[in-house]
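Spelled out from the first residue to the last, the chains are:
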Amino acid sequence: MNPLVTTDVLVIGGGLAGERCAIEVAAKGHDVMLLSLVPPRRSHSCAAQGGMQAALANCAKAEGDNPNVHFLDTVRGSDWGADQEVVRIFVDQAPSAVRELAHFGVPWTRVRPGKNSYFIKGQRVEIEEPENKAGLIMHRDFGGTAKWRACYAAAGTGHAVLYAVDSEVVRLGITVRDRTEALALIHEGGRCWGAVVRCLRSGRLAAVLAKATVIATGGYGRIYGQYTTNAVINEGTGAAIALDTGVVPLANMEAVQFHPTGLMPSGILVTEGCRGDGGYLLDKDLHRFMIDMEPQKQELASRDVVCRHMMQRMREGKGVETSYGPHLWLDLRHLGEQHITTKLREVHEICLDFLGLNPVRDLIPVRPTQHYSMGGIRVNKDGHAYGMKGLFAVGEASCWDMHGFNRLGGNSLAETIVAGRIIGGRVTQFVGENSLSVSTSLAARSLAQAGQHIQGWLERAGSGPSVYAIRDAIAETMIAKVGIFRTGSELEQAVDELYTQLQLVDRAVLRSKVPGMNPELTFALRLRGFARLALVTALGALERTESRGAHYRSDHPARDDAHWLRRTLARWPQGVTKPMLSYEPVGLIDLPPGHRGYGKAESIDMKESIEDYNATVDAAWRREGAQETIESLGARMHWGAWRETQQPPQHKRAS
């Protein structure tokens, strides 16, 4: 790559969100360059197994489903932390986006008419699938939903979708630079003009100048080290370089999701589709405890709820003790060999390859593991980053914010495609209205700064700590003190420990001084941002004195809508040693806060009316740097439409 490259749109990240956004822009005739740490078909999107939520209502158990029901499930699942307008945009667009994937070539599992056998709440039942739905996209049950809604391709949904979408990237002739990483954004005066990038093969630097830059680098799960389902490339590089600008905020970083079924001890994801298809969770006595904990939803309560019940079970001594710590069991044996080796084929292969056990006859050892980042780069509903014109973010790297404090299974995979389409369209419009009017001297300065930073690492000598020792210490602090259960005292300790590790970055010394292909240097260049993400996450959790979704404070167990119906924003201005937190309203409220339908019902009600709350949103967001949107605030809301759908049964609220 030449040291100075220009394009219309630079997309940083080669997973589903980045590729789908790139497709939307390239299809309108604009030049797109897509950067990826790995060949795109090896992106972490490929690891998604279970399904993609879209209210198609194609099977018997999905009858009556529609976007309004999907809206209800998603807002409730978020524990009222989501932007309800973004949720409405998402649920309305998801059916079209999923059908489009069939056109791209995704081999969806299809409805088979006639009698079909399923396991539902521990019982094998036969359901008659209608003849007129034969061959339509089939659904499976996922946690926290009123209807079967997850569209799937056996247990390899992410794999199938990524290959189909990448084929479209190839067909459109989009320029892809794999094994290339963005080190810093090129920006000036609140305007982003691209990024400084580094080739992981040669170590060479280049400045890519673009009218618009899109960050789609996925989550930051690796701040939890080995205690995550995330791939080793998920170190939050996109969020880190946005934070480094000093003006772009990260939002709700304390909203970290744990998945109930991480394979023990590797942490590899075992899809929620296992429980959706009728799998059981068992303790060491082979007791199916979720029936006692959540009689209505059982194993298919929302992920945060199931994780807390599992952890509590292990705390009570009901876990299976091993040298790696306690675990519980996932039982699929009753589903039968035919089902496991077809609809759950990837799970079957993972268990054989990584544990040498066969889930057809063996129990699967599982425990909750960090899985997803609800927080990320704060963007408006167009995907435009706060405080930085020309910078967009999409997918898990962003806080769009349709997940709030708990993401429903299958909503993230759908978000990559839906948001990719929508935000790709907004980027296209932005590019059409703006020119690439930037001085090359800005690119030269940015390149020089990156080169000096690299040289500083290579020249540093002495007996300082290893970059990997700092990484591992951060991970141990995060899992021990910023995990599923959180307390103020532990979070204070975490903030202190993480700040100490951040300071150690300036003393760390490389063992390998090779300037080119050098994995140690590559990680060293990420380390400061990595440590900052961990510190921002812990600090946000410390300051949020309530429990909401995946953020559970044992010392503040109630959801506090009177004080905390707001989103955390974290900035790290240049020259400042610690991050600065501020807050904004979560967004316009249509569905009022209430009980989610599972889990505990402790909550403190809003003090103001919804009308008064909604009246503050626009001005508050603008004060925090929200960009002007193409459509006015609330233009996509369907006010009160959720009242038209049949309500699922509600539990009585605790006094």
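Before any of the text, the structure's been laid out above.
Here is what the cut-offs are and how they apply
- Residues numbered from 1 in each chain as written.
- Predicted model: local features only at pLDDT ≥ 70, side-chain atom pairs only at ≥ 80, totals over all residues.
- Heavy atoms only, no water.
- Pairing = 2+ DSSP bridges.
- Helix = DSSP H or I, 4+ residues; strand = E, 2+ residues; numbered from the N terminus.
- Phe/Tyr/Trp six-rings, centres within 6.5 Å; stacked < 30°, edge-to-face > 60°.
- Lys NZ or Arg CZ within 6 Å of the ring centre and 35° of its normal.
- Buried < 20%, exposed > 50% of the residue type's maximum accessible area, 1.4 Å probe, protein only.
- Contact = heavy atoms within 4.5 Å.
- Axes fitted to C-alpha atoms, helices over the stretch in contact; angles between N-to-C directions.
- Core = buried A, V, L, I, M, F, W, Y, C linked by side-chain atoms within 4.5 Å.
- Left-handed = near helix turned anticlockwise from the far one by under 90°.
- Nonpolar A, V, L, I, M, F, W, Y, C, P; charged D, E, K, R; others polar.

*Asks:* What is the right way to read the sheet that holds strand β6 (residues 139-140) from this model?
*Replies:* Two orientations exist for strands paired in a sheet by backbone hydrogen bonds: parallel and antiparallel. Spatial strand order, β3-β7-β6: 3 strands in an open sheet with antiparallel pairing. Looking at which strands have only one partner, the edges of the open sheet turn out to be β3 (52-53) and β6. In terms of strand pairing, β6 meets strand β7 (residues 150-151) through 2 bridges, oriented antiparallel. The partner of Arg 140 across the bridge, within β7, is Ala 150.

*Asks:* Whenever I open this one, the packing of aromatic side chains confuses me. Can you help?
*Replies:* Between two aromatic rings, the relevant description is the distance of the centres plus the angle of the planes. Counted by the stated rule, this structure contains 7 aromatic pairs. On the numbers, 5.6 Å between centres and 75° between planes, the contact of Phe 392 with Phe 430 is edge-to-face. Residue Phe 392 is found in strand β18 (residues 391-393), and its partner Phe 430 is found in helix α11 (residues 411-433); the two are separated by 38 residues along the sequence. Three or more aromatic residues joined by ring pairs form one cluster here, namely Tyr 468, Phe 523 and Phe 530. A cation over a ring is seen here: Arg 140 above Tyr 152, with NZ or CZ 3.9 Å from the ring centre. One Lys or Arg, Arg 378, reaches over the ring of Trp 621 and ends 5.2 Å from the middle of that ring.

*Asks:* Help me out: how do you make sense of the pairing of strand β10 (residues 191-199) in this one?
*Replies:* For a regular strand, side-chain orientation follows a simple rule: the groups alternate between the two sheet faces. With respect to burial, β10 is a largely interior element, 8 of its 9 residues being buried. As defined by bridge partners, strand β9 (residues 180-188) adjoins β10 across 7 bridges and the pair is classed as antiparallel. Its bridge partner lying in β10, His 187 is registered against Cys 192. In this antiparallel pair of consecutive strands, β9 and β10, the connection spans 2 residues, and Gly 189 shows a positive phi of 60°. Summarising the sheet, β10 and strand β11 (residues 205-215) pair through 5 bridges and their orientation is antiparallel. The residue bridging Arg 198 from the neighbouring strand is Leu 205, located in β11. Here β10 folds back onto β11 in antiparallel fashion, the turn holding 5 residues, of which Gly 203 has a positive phi close to 85°.

*Asks:* Explain the sheet that holds strand β22 (residues 580-585) here, please?
*Replies:* Taken together, 5 strands build an open sheet; the order of strands is β19-β17-β12-β21-β22 and the sheet is mixed. The sheet is open, and its two edges are formed by β19 (398-399) and β22, each paired on a single side. Bridging between strand β12 (residues 250-251) and strand β17 (residues 376-378) involves 2 bridges; their strand directions are antiparallel. Pairing of Ala 251 across the sheet is with Gly 376, part of β17. Those strands touched by helix α16 (residues 610-623) are β17, β21 (566-571) and β22, and its axis lies near 135° from that of β22.

*Asks:* Even after reading the chapter, I still don't get the pairing of strand β4 (residues 114-120), so can you show me in this structure?
*Replies:* In terms of strand pairing, β4 meets strand β5 (residues 123-129) through 7 bridges, oriented antiparallel. Counterpart to Asn 116 in the pairing with β5 is Ile 127. Where β4 hands over to β5, the hairpin turn is made up of 2 residues, of which Lys 121 adopts a positive phi near 50°.

*Asks:* Please explain the nonpolar core as it appears in this structure.
*Replies:* What tends to happen in soluble globular proteins is that the nonpolar side chains get buried as a cluster. In this structure, Ile 215 and Ile 377 are the most contacted members of the largest nonpolar core, which totals 158 residues. With 15 residues, the single largest contributor to this core is helix α15 (residues 519-543). Look past the residues within four positions of Ile 377 in its chain and what remains in contact with it is Ile 215, Gly 238, Ala 239, Ala 242, Val 248, Pro 249, Leu 250, Ala 385, Ala 393, Ala 397, Ser 398 and Cys 399. Grouped together as the second largest cluster of nonpolar side chains are 31 residues, Phe 289, Val 306, Met 310 and Leu 328 included.

*Asks:* Just checking my understanding: could you explain the packing of helix α1 (residues 16-26) against helix α4 (residues 157-171) for this structure?
*Replies:* When two helices pack together, you describe them by how their axes are tilted relative to each other and by the distance separating the axes. Remark: α1 packs on α4, axes separated minimally by 9 Å, with the N-to-C direction vectors making an angle of 35°. With respect to the hand of their crossing, α1 and α4 are arranged in left-handed fashion. For the pair α1 and α4, the contacting residues are Leu 16, Glu 19, Arg 20 and Ile 23 in the first and Val 161, Leu 162, Val 165, Asp 166, Glu 168 and Val 169 in the second. Classifying every residue of the contact of α1 with α4 by side-chain character gives 6 nonpolar, no polar and 4 charged.

*Asks:* It is not clear to me how the environment of Val 248 should be interpreted in this structure. Could you clarify?
*Replies:* With respect to the element layout, Val 248 can be found in the loop between α5 (237-243) and β12. When the C-alpha positions of Val 248 and Glu 624 are compared, they lie 9.7 Å apart, and in sequence the two are 376 residues distant. With sequence-adjacent residues up to four places away left out, Val 248 is seen in contact with Ala 242, Leu 243, Ile 377, Ala 385, Tyr 386, Met 388, Leu 391, Ala 570 and Arg 571.

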